[in-house]
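Structural characterization, general
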Amino acid sequence: MNRRRTQRERRALRTRRRIRQPVDNGRLRVSVFRSSRYIYAQVIDDSTGTTVAEANSRGMDITGNKIDQAFKVGRALAERAKEAGVGSVVFDRGSYRYHGRVKALADGARGGGLDF
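Residues numbered from 1 in each chain as written. Predicted model: local features only at pLDDT ≥ 70, side-chain atom pairs only at ≥ 80, totals over all residues. Heavy atoms only, no water.

Points about a positive patch on the surface
Put simply, the test is: A residue counts toward a patch only above 30% relative accessible area and without a salt bridge, and it is joined to like-charged neighbours within 9 Å or, for Val, Leu, Ile, Met, Phe, Trp and Tyr, to nonpolar neighbours within 5 Å. Areas reported here follow the Shrake-Rupley algorithm with a probe of radius 1.4 Å; residue values treat only the protein chains shown as occluding. For this document, the term salt bridge refers to a Lys or Arg side-chain nitrogen within 4 Å of an Asp or Glu carboxyl oxygen. The sign given to each residue is positive for Lys and Arg and negative for Asp and Glu; His and the chain ends receive no count. Here the site of a charge means NZ on Lys, CZ on Arg, CG on Asp, or CD on Glu. Labels follow the DSSP assignment, with helices taken as runs of H or I lasting at least four residues and strands as runs of E lasting at least two, numbered in each case from the N terminus. Throughout this description, buried means an accessible area under 20% of the type-specific maximum (1.4 Å probe, protein chains only), exposed means over 50%, and partly exposed covers the range between.
Residues Arg4, Arg8, Arg10, Arg11, Arg14, Arg17, Arg18, Arg20, Arg34 and Lys66 make up a contiguous surface patch of positive charge. It is helix α1 (residues 7-24) that provides the largest number of residues to the positive patch, a total of seven residues. With respect to the helices, strands and loops of the structure, Arg34 is situated in strand β1 (residues 28-34). The exposure class of Arg34 is partly exposed, given its relative accessible area of 31%.

Structure below.
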C-alpha cells in the first residue's frame, strides 16, 4: 500500500537526514517535542537507542510564559546531561521551526553547558 507522508513527517525526516552525519560520528542527539501546553526534550544515544537524559515543563514546577519555561527546561536538560557525562550533542528540532520555544530551549541548553 502506497502511503503518502504528511507534511509534518516530511519536515521531520528532512531535518533528521541533515543531522545523520554528526550522529554517526558519536555525538548524541537532543530531540524536542512541543505540545500546545508543554515542551519536552531528551538526549538520545542513537547507537544503543537509549535516552540518556530528559527534561520537560510538565514534570517541573516552572512559572512564567512558555518561552521562559522552555529556557528553564533547556537549562535542566543541560544539567542532567552533564551529570550523565554528555558534553557535545546535535540539536534535532524535528518538524518545528527554530523559533520561539524551540530556540529558547536550545539557548537554555547552550547556557547550561551543552555544546551544539
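Picking up after the structure, the text goes on.
Brief notes about the nonpolar core
As a reminder of what qualifies: We call a set of buried Ala, Val, Leu, Ile, Met, Phe, Trp, Tyr and Cys residues a nonpolar core when their side-chain atoms join them within 4.5 Å. By definition in these notes, contact holds between two residues if any of their heavy atoms fall within 4.5 Å.
Among the nonpolar cores identified, the biggest contains 25 residues, and Val43, Leu77, Val89, Phe91 and Leu105 are the most heavily contacted of them. Secondary-structure elements contributing two or more residues to this core are β1, β2 (39-45), β3 (50-56), α2 (66-83), β4 (89-92) and α3 (101-111). When sequence neighbours within four positions are dropped, the list of residues in contact with Val89 reads Arg27, Leu28, Val30, Val43, Leu114, Asp115 and Phe116.

Some thoughts on the side chain of Ser95
Looking at where Ser95 falls in the secondary structure, it is placed in the loop between β4 and α3. On the basis of relative accessibility, which here comes to 11%, the residue Ser95 falls in the buried class. Those residues in contact with Ser95 that sit more than four places away from it in its chain are Arg8, Arg11 and Ala12.

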